[in-house]
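Here's the letter readout for the chains.
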Amino acid sequence: MVRILLRFSEKIVEQPITAGVILEHGVPISIVAAHVDSHGGEILAEVPSTHVEKVVDAFREKGVIVTFPKLIEVDSEKCFNCGACVSLCPVSAITFREDFSVVFDEQKCIGSPCGLCVDACPARAIRLVEQHSSGLIQ
Amino acid sequence: MKKLVESSGVEVAYKEVDVVTTGTFGAMCSSGAIINLGHADPPIKIQRAWINDVEVCHPGAAVDLYIGATIMSETRPFEYGGGHVIEDLVDGKEVEVRATAYGTDCYPRTKLRTTITKDDLNQFYLLNFRNCYQRYVCATNSRDEIIYTYMGKLLPKFRNATFSGSGALNPLMNDPDYETIGIGTRIFLGGGQGYVIGEGTQHDPGNRFGTLMVRGDCKKMSSEFIHGAAFTKYGTTLYVGIGIPIPILNEGLAKKTAILDEEIVTDIVDYGIPRRERPKLGKVSYKELKSGAITIDDKKVRVSSLSSLKTARKIAEILKSWIENSSFYLSAPAESLPTDTVCKPMKQTEEMAFVNSVTHAAVTCTEDEEVKAVAERIINRSVNHVVVTDEQGKLRGIVTSWDITKAVAKGKRKLVDIIIRKVVTTKPDESLEEASRKMAQHQISALPVIDQDRKVLGIITSEDIAKLLGR
């Protein structure tokens, strides 16, 4: 699965775009996080890696801005396992191991729509990074 | 020790165990290091000095400097500070020293700039006024906004909680009556060996909030256990690793060192109320704190530490190995730590002003009113803010004279279309200083005053505060 970030402007936010893409292309799209109001919105979605290009093109045709969300990168050299980030993570992507090492699960992280942990790190060991540089990024 | 006492009893444990080692590794803000630079030629009696742009204080004669952990860099505030300077020096890194002076006949020099490493210093000692709290509170936040504190980042509406300290591994918790810990007790300090030099400031043994003052040779420390840190919007600090060996001199100490996390209880405290006496929301044990979740108001809340429990364990292990291979010798204290001191609040000669001293009745309206009616009210009552309430008087929103002007210009008639729903509010017992900070931060000029049920008690405006200050 690949995570994509969809941004809807005020103009198109009321249209059933995500549903349209799912129906037209028959691709399962899973919504990980969403923030939508009358002024526009942001949806973090997961799409099968085999269909990324098709789905991204379909969203862009409908006027959606598609990017690949920045994920969190933990510099293990700098991290001193304090745990200040652990209670902030809404999806339990940062947890303690049995020995109280802090571990980060990239699969669970929702990246830039959240980012709560970044400025909470006393060691400044967490930063937002591009997931991967792909030709798909505009 | 804990397992042995449980399985075989205190008597056996007392006979079997000689020493219990403890450890903690957390942010300890009242930390710093004293350094002596050696004399310059011509000599200088330093008046002000900076290391890597962090101002260091000059408490003594010519070239003695104290690097305070919480002093922030003038060029990179909130990112780099005294704690980082100490870490860099411990790490063997080169740092830049700048100094100015007024010049005397014996110390003529007025300016100085040089680079140094720890090897260039005569003395480089960690000298911490208050370290190693016996236990600490668990912090959470009732406000509807994120707050940044020395207890870390606290999410709105009790969405997370933080704590500090190693619980059953804490040095003072294992010897709560200070039978073996006192002035002269040799300890693990920052990866090297140091000493307890007395009780720490704010030492409060009666409430189980004992603290230590410690000293140790930084040149022999390791940055794994002496670490600069930065708390967003709070400032910089120093993470300090401390381990203390507790000799099992009697059965009582065997029993005391068997203390468990579930026996160490602390308060859950609301840091959303920035007062000396912050509201206590309940009690919690270190066992619950270490489990990752606690309960506040019947709701499950994620909790995590700010101090590293992993490193705390490592410190206790290292200290154990030092004792076993005879590279660390236990020392008897020259004097015990006091058990009867109390921590008094500050004597204040001027009372602080709080929101309730300037609160006045708010002009209100309801959601179903027309823009025109509210515009008339604004003119008749000569105010700039109208608070929108429901039938019970609870806050629903706010409209300003500016919103009304815009609505009139655009021909909008219904109030409901222009109400601002996200309202920054205050409470009667909030300090005026805090309230004005909120107004400045959000670039607004009034705050509705509400109670815990969001019922509107009144309003304060920046004019009210200006008038009070002008008195």
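## Re the overall build of chain B
Tallying secondary structure elements over chain B gives eleven helices and 30 strands in all. Across its three principal directions, the C-alpha atoms of chain B cover 85 × 70 × 40 Å. Relative to all contacts within chain B whose residues are 6 or more apart in sequence, the contacts with residues 24 or more apart total 67%.

## Observations concerning the overall build of chain A
Counting its regular elements, chain A contains two helices and eight strands. Taken from N to C terminus, the helices and strands of chain A fall in the order β-α-β-β-α-β-β-β-β-β. With the C-alpha coordinates of chain A rotated into their principal frame, the extents come out at 50 × 30 × 25 Å. With 138 residues in all, chain A has 32% of them scored as buried. The contacts of chain A with a sequence gap of at least 6 include a subset with a gap of at least 24, amounting to 68%.

## Focus: the sheet that holds strand β1 (residues 2-8) of chain A
Residue and element names in this part refer to chain A. As summarised here, the arrangement of the four strands in space is β2-β3-β1-β4, forming an open sheet in which the pairing is antiparallel. The open sheet is flanked by β2 (30-37) and β4 (65-67), the only strands paired with a single partner. Geometrically, the sheet is characterised by an average inter-axis angle of 15° between neighbouring strands, direction not taken into account. Direction of pairing for β2 relative to strand β3 (residues 40-47): antiparallel, over a ladder of seven bridges. Residue pairing across strands places H35 opposite E42, the latter belonging to β3.

## Brief notes about the interface of chain B and chain A
Contacts between chain B and chain A engage 24 residues on the former and 17 residues on the latter. For the side of chain B that touches chain A, the elements supplying multiple residues, two or more each, are β12 (152-154), β13 (160-163), β18 (226-231), β24 (299-305) and α7 (309-324) of chain B.

## Here's the deal with unusual backbone geometry
Looking along the chain, the bond that leaves D41(B) and enters P42(B) is cis, with omega of -10°. Even without being glycine, R124(A) reaches a positive phi, approximately 55°. Tracing the backbone shows R124(A) in the loop between β7 (102-104) and β8 (126-130). Although it is not a glycine, D298(B) sits at a positive phi angle of roughly 65°.

## Comments concerning the confidence of the model for chain A
Note that predicted coordinates carrying low pLDDT should not be read in detail. This prediction gives chain A a mean pLDDT of 87; 93% of its residues lie at or above 70. Low pLDDT, under 50, characterises residues 132-138 of chain A; the stretch is placed with six contacts to residues that sit more than four places away or in other chains.

## Describing the domain arrangement of chain B
Domain annotation of chain B identifies domain 1 (1-133 + 159-259 + 307-342) and domain 2 (355-470). The gap between the C-alpha centroids of domain 1 of chain B and domain 2 of chain B is 49 Å.

## As for the domain arrangement of chain A
Put simply, an interface is often sized by how much accessible area is lost when its parts join up. For chain A, the assigned domains are domain 1 (2-67) and domain 2 (70-130). Taking only C-alpha atoms into account, the centre of domain 1 of chain A sits 26 Å from that of domain 2 of chain A.

## Quick look at α7(B)
All names here are of chain B. With 16 residues, α7 should cover 22 Å at 1.5 Å per step; its first-to-last C-alpha distance of 23 Å lies within 8% of that length. Taken residue by residue, α7 has L309, T311, A312, K314, I315, A316 and L319 as its buried positions. Taken together, the buried residues of α7 touch β1 (19-21), β2 (24-27), β15 (186-189), β19 (235-243), β20 (245-247) and β24. Immediately beyond the C-terminal end of α7, within one or two residues, lies S326, with a positive phi of roughly 60°.

## Quick look at the packing of helix α1 (residues 17-25) of chain A against helix α2 (residues 52-61) of chain A
Two numbers describe a pair of packed helices, the interaxial angle and the distance between the axes. All names here are of chain A. Interaxial distance between α1 and α2 falls to 10 Å at its minimum, and their mutual angle equals 135°. By the angle between their axes, α1 is oblique relative to α2. For α1 against α2, the interelement crossing comes out right-handed. Together, V21, E24 and H25 of α1 and K54, V55, A58 and F59 of α2 make up the contact between the two elements.

## Remarks on the environment of V10(B)
By the element assignment, V10(B) lies in helix α2 (residues 10-16). In this structure, V10(B) is in contact with V5(B), E251(B), A254(B) and K255(B), ignoring residues within four places of it in sequence.

## Topic: the pairing of β13(B)
All names here are of chain B. Neither face of β13 is left uncovered, since the one carrying N160 and T162 and the one carrying A161 and F163 both have all their residues buried. As paired strands, β13 and β24 are joined by four bridges and run parallel to one another. Across the sheet, the residue bridging to N160 is R302, located in β24.

## Let's talk about the sheet that holds strand β28 (residues 395-400) of chain B
Residue and element names in this part refer to chain B. The strand order across the open sheet formed by three strands is β26-β27-β28, and the pairing between neighbours is mixed. Two strands close off the open sheet at either side, each with one partner strand: β26 (364-365) and β28. Where β26 and strand β27 (residues 385-389) come together, two bridges link them in parallel fashion. Bridging across to β27, T364 finds its partner in V387. Packing against the sheet, helix α8 (residues 371-380) makes contact with β26, β27 and β28, and its axis sits at approximately 130° to β27.

## Considerations on the packing of α8(B) against helix α9 (residues 401-410) of chain B
Residues and elements named next belong to chain B. Across the interface, α8 lies against α9 with an axial gap of 10 Å and an inter-helix angle of 135°. Judged by the angle between their axes, α8 and α9 are oblique. The interaxial crossing formed by α8 with α9 has left-handed handedness. Where α8 approaches α9, its residues V371, V374, A375 and I378 are matched on the opposing element by S401, I404, A407 and V408. The class makeup of the residues in the contact of α8 with α9 is seven nonpolar, one polar and no charged.

Reading the values: rules and limits
- Residues numbered from 1 in each chain as written.
- Chains lettered and ligands numbered in written order.
- Predicted model: local features only at pLDDT ≥ 70, side-chain atom pairs only at ≥ 80, totals over all residues.
- Helix = DSSP H or I, 4+ residues; strand = E, 2+ residues; numbered from the N terminus.
- Contact = placed C-beta atoms within 7 Å.
- Buried ≥ 20, exposed ≤ 12 C-beta atoms within 10 Å, placed from the backbone.
- Pairing = 2+ DSSP bridges.
- Axes fitted to C-alpha atoms, helices over the stretch in contact; angles between N-to-C directions.
- pLDDT = per-residue confidence, 0-100.
- Domains from an automatic or database assignment.
- Expected span 1.5 Å × (residues − 1).
- Parallel < 35°, antiparallel > 145°, perpendicular 65-115°, else oblique.
- Left-handed = near helix turned anticlockwise from the far one by under 90°.
- Nonpolar A, V, L, I, M, F, W, Y, C, P; charged D, E, K, R; others polar.

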